[in-house]
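# Report on the structure
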Amino acid sequence: MKKTISRGDDLYEAGVFEILLQYEVSRSKRYPAPLSLLKIEMTPSAVGKESLQNASSIFAAQINAHIRSVDIPTGSGSRLDLLLPTTDDAGARTVCERLLSIFKNKFSGANHETIAFSLQIGASSHPGGSTLSGEYLNQKAEEALAQSKFKGPHTYILIAK
């Protein structure tokens, strides 16, 4: 039986995320293993103002409910970064498609109002080894996010080495 620990809507702080990113990069350089990074931008829509104010919390809780315990999420507001250790480009695609599928549904917000999310995801992936760097993953994921925004809502772009 799979044991899961719910993180609720908790995300890592930016400074902690940076430390964990550098750790995972150095580990993937030393013991070549794939590493992927997702940059997600969400746009919530709801009738009620209170539901919109709670959108970030609902979004983070849903992300945390659908990722592995080793995955590392950070962000605030409408942006979220998700580091996927030991995940190659095929695995990153699977995560992107799963998240888009989950967020096509509507969620219950404040006072039983419904809230919907529109996502754009930029992803980068590297097989590991000496050419890997945190800057590379961040830069390629930002480029992919810009391309996804150009394509429109509920899309993802993956840039893999």
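This one's a predicted model, so the numbers in the text were calculated from it and none came from an experiment. (Residues numbered from 1 in each chain as written. Predicted model: local features only at pLDDT ≥ 70, side-chain atom pairs only at ≥ 80, totals over all residues. Heavy atoms only, no water.)

Core analysis: the biggest nonpolar cluster contains 26 residues, and Leu-38, Ile-40, Phe-59, Phe-103, Phe-117 and Ile-121 have the highest contact counts within it. At the level of secondary structure, the elements contributing two or more residues to this core comprise β1 (35-46), α3 (55-65), β3 (79-85), α4 (89-102), β5 (114-126) and β6 (155-160). Ranked by residue count, the leading element in this core is α4, at six residues. With residues up to four places along the chain from it excluded, the contact list for Phe-117 reads Met-42, Thr-43, Pro-44, Ala-55, Ile-58, Phe-59, Phe-103, Phe-107 and His-154. Counting residues in each nonpolar core, the second largest holds eleven residues, with Phe-17, Leu-21, Leu-83 and Leu-137 among its members. (Core = buried A, V, L, I, M, F, W, Y, C linked by side-chain atoms within 4.5 Å. Buried < 20%, exposed > 50% of the residue type's maximum accessible area, 1.4 Å probe, protein only. Helix = DSSP H or I, 4+ residues; strand = E, 2+ residues; numbered from the N terminus. Contact = heavy atoms within 4.5 Å.)

For the rest of this paragraph, the subject is the environment of Gln-139. Turning to its location among the elements, Gln-139 is positioned in helix α5 (residues 134-151). Exposure remark for Gln-139: the relative accessible area of 47% places this residue in the partly exposed category. Each C-alpha atom, one on Gln-139 and one on Arg-27, is 20 Å from the other, the two residues being 112 residues apart in sequence.

Here the protein chain averages 91 in pLDDT, and 94% of its residues register 70 or above. In this model residues 1-5 is a low-confidence stretch, pLDDT under 50, and it forms zero contacts with partners more than four residues away in sequence or in other chains. (pLDDT = per-residue confidence, 0-100.)

Attention now moves to the pattern of salt bridges. Applying the stated criterion to the full structure yields eight salt bridges. Notably, a salt bridge pairs Asp-71 with Arg-68, separated by 2.6 Å at the nearest N-O pair. On the basis of relative accessibility, which here comes to 3%, the residue Asp-71 falls in the buried class. With its nearest N and O atoms 2.9 Å apart, the salt bridge here joins Glu-142 to Arg-79. Taken together, the residues span a long stretch of sequence, with Glu-142 in helix α5 and Arg-79 in strand β3 at a distance of 63 residues. Taking relative accessible area as the criterion, Glu-142 reaches 35% and is therefore assigned partly exposed. Through salt bridges with shared partners, a single ionic network connects Lys-39, Glu-41, Arg-79, Asp-81, Glu-142 and Lys-149. (Salt bridge = Lys/Arg side-chain N within 4 Å of Asp/Glu carboxyl O.)

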